[in-house]
Structures are given as structure tokens and as C-alpha cells.
Amino acid sequence: MSTAPSVRTTGTLTPVVPDGLPGLLADGWTITWRNLQRLRRSPDMILFAVLQPIMFVLLFSQVYGGSIHVAGTDYTDYMMAGIFGQTVVFGSTFSGSAMAQDLKEGIIDRFRTLPMSPAAVLIGRTNADLVLNCISMVIMMLTGALVGWRFHNGVPSMLAGVGLLLLFSYAFSWVTALLGMMVRTPETINNAAFMVLFPLTFISNAFVQPQNMPKILEVFANWNPVSALVQAARTLFGNVGTAPTGDTFTLQHPVITVLIGSVVMLLIFVPLCVARFKNTSSR
Amino acid sequence: MAIIEARGLVRTYRSGTVRALDGLDLSVPEGTVKGLLGPNGAGKTTTVKVLNTLIRPDAGTATIDGIDVLARPQDVRRIIGASGQYAAVDENLTGLENLEMVGRLYRLGRKQARARAAELIEAFDLVEAGRRPVKGFSGGMRRRIDLACAIVINPRILFLDEPTTGLDPRSRLALWGIITDLVAGGTTVLLTTQYLEEADRLADHISVIDHGRVIAEGTADELKAQVGGHRLVVTVVAESDTAIARQVLTRVGHGPVHEGSSPRELEVPIDGGPQALQTVLSELSAARVELHDAGIRRPTLDDVFLTLTGRPAEDTETDTTEENR
Ligand SMILES: Nc1ncnc2c1ncn2[C@@H]1O[C@H](COP(=O)(O)OP(=O)(O)OP(=O)(O)O)[C@@H](O)[C@H]1O
Ligand SMILES: [Mg+2]
């Protein structure tokens, strides 16, 4: 520090962005940008977004693919929707650990003393998850194409499938963001994600057919929201073939179930998150 | 009305068992610097956090420039800058990016935010470090980024919670310079500090806080006058002589005898000035007590602190250094 500061200590710095929607959008973008910088600088996240999907696609198609047979369709076609679902659900947990991390580092206190829109911190956070999940989706689809995965219902339906996966994951990001602000330790979020989401994604129709599970697990798998998500994607990609489908409403009408479920999640958790954010302080 | 006004602030923690603020009143006139002093846990940080909209009090009212902090926090945020006790910066952004982000969130627009960031990075002597992620910064550098974030808009009201804790002497002097310039430009500052010298140098008015209340208020000189006149200090050569010296000082002085920086140094408040010193010297020499040093000094803020709170001012280097990670 020079002892004769060259900084302007008088004079006005005037806000140029108006309040209301323009302000919200500008702030949301600033925070998204900030989170993407973080993403760019932490290789572990890139690793997660890029390498893990590649690894899963290769493992399931090449290692298990030869041994697992599903009724009514090709296994590579079958399991790709499972990997899409699993990956985006895990990708949504970054919002939880990142909100907890931000609280721990104290930056949330900085945000809360600024005249920014409080929702912007959460919008920027969940947006960053969305970007990460978009990257993962592209990587998975390319890797899938390499090992023989094809969509059979045409491009619009395929895009609808991608959109639905991303919508669900975006809504789920708000759920984990709330959890992150409540537990306040990133490790807890990561552990909880592992402990809860791993069983949830495996006791589902993601990689195997529930009718081959013990009865109690089959019932669980058929009602599992992850199954509905995977079934919706599988349907829109045209990968179901003649594979038998559980008789629950959620599996019989997976697309509408996921659509409504995602919207309901947003309607509940966006206001909860913003309210929580307004009343939270780092230390 | 003063630009910062707080009345009867109460804030409890752990479902009411800890009363961090217990009816605190505060008033800071525009364009002045108010220093908050107090021992650890006195409620300084809690006071600042209520005023800068971070936490809501359980009872009481507060206004900033006439704006009700509880009813219109967003309007308050437009005119304040704040730096908390612990640096609140984004570890993954560079120094420049942190400042640019804050400028954009003050809605300055990208261009203005960038220019201001560059200017601040220079003023805080972080030009080289400014392009690296904060993660690799030293505690003091991180602190400087945080302080720079607080003055991005040249705020009308600036809250600084222990701003120079963890800064080296050079950076401390530079920050004092920046604060002085800001105040000259009309900024009102509320600062907490553990360095009494800092309060002496910067603050127009000081409020001493303990147990969530203001227990004394005034200019540094007024506070010093409150704790009485001069102090008489003697240092004996042999530790065995301290008992005799203590007896003499008790008789001559007006108040309790305190141990100084070593067990052989004793001090006591006095009324008389030079006479008291003469008396002490002749009595000690009659008792054949050899002295290293003897003299009279004026009261300092340390004496104020000690007298009012019953505790010496914290040695901040040991337990409240800025770095908490
Ligand atoms: N989040 C919290 N949860 C529980 N107790 C708290 C919390 N924050 C502060 N306190 C308590 O409130 C009291 C006042 O704390 P505060 O941080 O305001 O003190 P301070 O004067 O800033 O102290 P220091 O000099 O150590 O920074 C303390 O007893 C502290 O333990
Ligand atoms: Mg404090």
C-alpha cells in the first residue's frame, strides 16, 4: 500500500442499472459469471462434469453391457437414460455444497450487505449447475453415440428429453441449495448426497429392470422419482422398446409426472430458498 | 438527527441464554468517526451486523441516514460499505474480479465497475497479486481486498469491524490514510478495533461496550479525564522489593496498584503530580529500595479500558488475528 493513496475517495459512483427486473437479471448474470469462474478454476468440478460421465457410459456399456440383458430393448439404449438421470441429479448437488461453502467463507455476508437482489445469489448458483449439467449432457450423448446409443423418436423428441432432464435437475438444484444453507458444511452435503442419492439411483430402473428385484425393492423402485425421470427420458429418446414398465402412475405417465414434479419443486423451493437467504449470516 | 442512530438494541443467541446486545444505544453524527471499544464478546460485531443489515435485533430500532434499517434494509445497502471482522471475499476469483463483482452488484455497470476495481487494486498495493485467485493470498492481502470491496462506491457510511487486525504496520498506516481521506470527503465511519492507538488516532468519538451495552462514551480525551489524573510508575531492581514498593504506592496513590508489563513494574493513579513522585522516591530510598526507573505519565486509552471493563485491552496478535481458516 502506498502511503499516499491514489484512490478517489470522493466523488460519486452512480448506479446505472435500474432496479426491478433489469437489476435482477444483471445480478443473476454477475453471480452466474462468478460461479463459472470458480468452475473454471477448480479441476475437480471439471473432472466431475466431463470425465465421470464418460467413465460411466464406458463402464456400463462395455463392462456390464455384455452380462446384463434387459427384456425388450438393447442394453446400451436402455442404460443411457439411467446415466443421464444419475449424472444430472448428482450435478444438482453442487448448489448445496457451494451454498454451504459460500456461507463458510463469509462471502454471503458480503452479498447480503450489497444492494443486489437477494434471489440473484441463488439464481446465479443454480444457473451454474445448469451450465455444468448441459456440458455433462453433451459429453454423455457424444460418448453414448460412440458406443452405439441411438435415439429413435426424432430430434424434437430427443431435445424434449434433454430439456426435461435439465428442467428436473434445475429444480432439484434449488432443493440442495436450501439444504446447503441449512447444514452449512459442504462435506455434510457431499456425504448426504452420496448416502441418499446412490441408493436412490441404484434402486431404480436406471440400470436394471425393477421386476427382477425382490418385491419390496421393486415397489420402491417403481415409485422412486429417479425412475420416473429416467423413464421419461427413455420414452422421449425412444429407448423403451418393448421393455416392461411398472404399473405405477409415475411410470405410466413419466413425462407429465416429471414436468409437474419439477414445477412443484420450483414453486415450493424458490420462495423457501430466498426467505432462508434473507435471514442467513455467515458467523 | 445523527446519520447512525440506534436505540435499545437487544439481540440474544442460543434461545435467549446469551444476550449479545442488551439495550444498546448509539448515535454517530454525519462526517465523524465513531470507535467501538470493548473486550472480546462485548457485542461490537453484533452491533455492526445489526446496523449493516446482516442480522435483525430482537428489540430496538436503528436508522441510517433516517432510513429504518429493519423496514428498508435494501435502501440502507445502497449507501453503505461494510467490511466484517473476517474477510468476506470469493476465494476463487482474483482480487480484481472480486472488486469488479462488488461494483457490478452495486449496479455500477461493467465499465464503471472495472475502472473502479483497477483503481482500488492500485491504491491497496495489490497490483501484482490482483490477477491471482484470492485463494493464494496471505491473510493481510485478503484483508486488503475485503477493505477495498467496502469502499467501492465511496459509501456515505462505512462499517469497519477490526479493519486493521492482521495488517502489517505499513498497510495499517495506508488504510488510516484512506479512512482519513474518506472522512474528509464526508464519509461517516463506524469502526471497531482492538488497537487503542487506532481509536485514539481515528475516532472523533469512542463508545466503550461491555455485556452488550455502552458503558462509557466521549472523545478520547474525555474518557481519559474520566479515569482520573496521572499515573505514577516505578520499576524496582530486585523483585524482592516489590512488596515494599507496593505498600508505598498504596499509601501515596489514589486507587488500586496495578502490575505493569513486568512484575517489577508497579503503577498507581495519583492526584498530586510531582509531589507524589517526590514522596515516593524519598520513601523508597529511605527503605533502601533500588529503582530502575520512576516517573509520571498521562492516562491512556488502555487505562480507560482497564478501569471501565476490569480487563486489559486484548493482545490481538494472539487470538483474534484475521486469518480464521
Ligand atoms: N452466531 C452466534 N451464535 C451464538 N452466539 C453468538 C453468535 N454471535 C455472537 N455470539 C455471542 O454474542 C456475544 C457478542 O459477540 P460479538 O461477536 O458481538 O462480540 P465482539 O465484541 O465482536 O467480540 P470480539 O472482540 O471477540 O470480536 C458473545 O458472547 C458471542 O459468543
Ligand atoms: Mg467482533
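Everything that follows concerns the structure shown earlier in this document.
Within each chain, residue numbers correspond to sequence positions counted from 1 in written order. Whichever chain is written first is A, and whichever ligand is written first is 1; the rest continue in order. Where local features are concerned, this predicted model is filtered to residues with pLDDT of at least 70; where side-chain atom pairs are given and counted, the filter is 80 or more; whole-chain, interface and lining totals use all residues. Computation of side-chain values: all heavy atoms of the structure, hydrogens and water removed.

**Student:** Explain the site of ligand 1 to me, and be specific about the residues and the numbers.
**Tutor:** Residue and element names in this part refer to chain B. A single heavy atom is enough: if one lies within 4 Å of a molecule or strand, its residue is considered near that molecule or strand. Around ligand 1 sit 15 residues, and of these Asn-40, Gly-41, Lys-44, Thr-45 and Thr-46 come closest. Distance and chemistry together define a polar contact, namely a pair of N or O atoms within 3.5 Å, with one atom able to donate a hydrogen and the other to accept it when in protein, and with adjacent residues in sequence counting only for side-chain atoms on both sides. Between ligand 1 and Gly-43, the relevant distance is 2.9 Å, taken from an oxygen atom to a main-chain nitrogen or oxygen of the residue. Here Gln-194 contributes a side-chain N or O atom positioned 3.0 Å from an oxygen atom of ligand 1. Here a helix means four or more residues in a row that DSSP labels H or I, a strand means two or more in a row labelled E, and each is numbered from the N terminus. In terms of residue count, the dominant contributor to the shell around ligand 1 is helix α1 (residues 44–51) (three residues). Note on residue categories: nonpolar means Ala, Val, Leu, Ile, Met, Phe, Trp, Tyr, Cys or Pro, charged means Asp, Glu, Lys or Arg, and polar means any other residue, Gly included. A breakdown of the residues in the shell around ligand 1 according to their chemical character gives five nonpolar, seven polar and three charged.

**Student:** Go over the coordination of the magnesium ion (ligand 2), please, and point to the residues and values.
**Tutor:** All names here are of chain B. Summarising the metal site, the magnesium ion (ligand 2) is bound by the protein donors Thr-45 (OG1) and Gln-85 (OE1), whose distances to it range over 1.9 to 2.1 Å. Of this pair, Thr-45 sits in helix α1 while Gln-85 is found in the loop between β6 (80–83) and α3 (95–105), placing the two residues 40 residues apart along the sequence. Burial classification: accessible surface area is computed with a 1.4 Å probe over protein chains only, and a residue below 20% of its type maximum counts as buried, one above 50% as exposed, and the rest as partly exposed. For Thr-45, a relative accessible area of 24% puts it in the partly exposed group. Ligating atoms shown are N, O and S within 2.8 Å of the metal, or 3.2 Å for Na, K and Ca, and water is not included, meaning a site may look less than complete.

**Student:** Outline the interface of chain B and chain A, supporting the account with residue identities and numerical values.
**Tutor:** Contact with chain B, which involves 57 residues of that partner, is made by 44 residues of chain A. Note on definitions: buried area is the accessible-area loss of two parts on being combined, 1.4 Å probe, summed for both. Of the roughly 4,700 Å² buried at the junction of chain B and chain A (both faces included), carbon and sulfur atoms supply 54%. Among the residues of chain B in contact with chain A, Leu54(B), Leu105(B) and Arg107(B) are the three that bury the most area, contributing 18% of the side total. Each reported salt bridge corresponds to a side-chain nitrogen of Lys or Arg within 4 Å of a carboxyl oxygen of Asp or Glu. At the junction of chain B with chain A, the criterion picks out eight salt bridges. Among the salt bridges present, the one from Asp90(B) reaches Arg38(A), with a minimum N-O distance of 3.5 Å. Joining chain B to chain A, the criterion identifies 17 residue pairs in polar contact (both at pLDDT 80 or more). Secondary-structure elements contributing two or more residues to the side of chain B that touches chain A are α2 (73–77), β6, α3, α4 (110–123), α5 (139–150) and α6 (169–184) of chain B. Here the element with the most residues in the side of chain B that touches chain A is α6(B); it accounts for eight residues. Any two residues having at least one pair of non-hydrogen atoms within 4.5 Å are treated as being in contact.

**Student:** Describe the environment of Gly144(A), listing the residues and the values that go with them.
**Tutor:** All names here are of chain A. Within the secondary structure, Gly-144 is located in helix α6 (residues 118–146). Taking the C-alpha atoms as reference points, Gly-144 and Phe-56, 88 residues apart in sequence, are found 10.0 Å from one another. Discounting residues that sit within four places of it in the chain, Gly-144 has contacts with Val-57, Met-80 and Trp-149.

**Student:** Could you give me a rundown of helix α11 (residues 301–309) of chain B, with the residues and numbers involved?
**Tutor:** Listing the buried residues of α11(B) in full gives Leu301(B), Asp303(B), Val304(B), Phe305(B) and Thr309(B). A positive phi of about 75 degrees marks Gly310(B), the residue just after α11(B).

**Student:** Lay out the sheet that holds strand β1 (residues 4–13) of chain B in plain terms, naming residues and giving numbers.
**Tutor:** All names here are of chain B. With antiparallel pairing, four strands are arranged side by side in an open sheet as β2-β1-β4-β5. Each edge of the open sheet carries a strand with a single partner, namely β2 (18–28) and β5 (67–68). Bridge count for β1 against β2 is eight bridges, and the pairing is antiparallel. Looking at the pairing, Tyr-13 lines up with Val-18 of β2. Fitting a line to C-alpha atoms yields each axis, with helices limited to the stretch in contact; the angle taken between N-to-C directions then spans 0 to 180 degrees. Strands in contact with α1 are β1, β2 and β4 (59–64); relative to β2, the strand with the most contacts, it is inclined by about 60 degrees. We call two strands paired when DSSP finds no fewer than two bridges between them.

**Student:** Provide a residue-level description of the packing of aromatic side chains, including the pertinent values.
**Tutor:** Aromatic rings from Phe, Tyr and Trp, taking only the six-membered ring of Trp, are treated as a pair when their centres fall within 6.5 Å; an angle between ring planes under 30 degrees marks them as stacked, one over 60 as edge-to-face, and anything in between as tilted. Tallied over the full model, the rule gives 14 aromatic pairs over all chains. Judged by centre distance (6.4 Å) and plane angle (15 degrees), the rings of Phe168(A) and Phe172(A) are stacked. Of this pair, Phe168(A) and Phe172(A) both sit in helix α7 (residues 155–183), separated by four residues, roughly a single helical turn. Under the relative-accessibility criterion, Phe172(A) is labelled buried at 17%. Judged by centre distance (6.4 Å) and plane angle (75 degrees), the ring pair of Tyr170(A) and Trp174(A) falls under edge-to-face. Of this pair, Tyr170(A) and Trp174(A) both sit in helix α7, four residues apart, which is roughly one turn of the helix. A relative accessible area of 18% means that Tyr170(A) is categorised as buried. Given a relative accessible area of 3%, Trp174(A) falls into the buried group. Among the aromatic residues, those joined into a ring-pair cluster are Phe56(A), Phe60(A), Tyr64(A), Phe90(A), Phe194(A), Phe198(A), Phe202(A) and Phe207(A). Distance and angle both matter: a charge sits over a ring if NZ of Lys or CZ of Arg is within 6 Å of the ring centre and within 35 degrees of the ring normal. In this arrangement the basic side chain of Arg104(B) is found over the ring face of Trp33(A), its NZ or CZ atom lying 5.0 Å from the centre. Directly above the ring of Tyr195(B) sits Arg172(B), whose terminal nitrogen or CZ lies 4.1 Å from the centroid.

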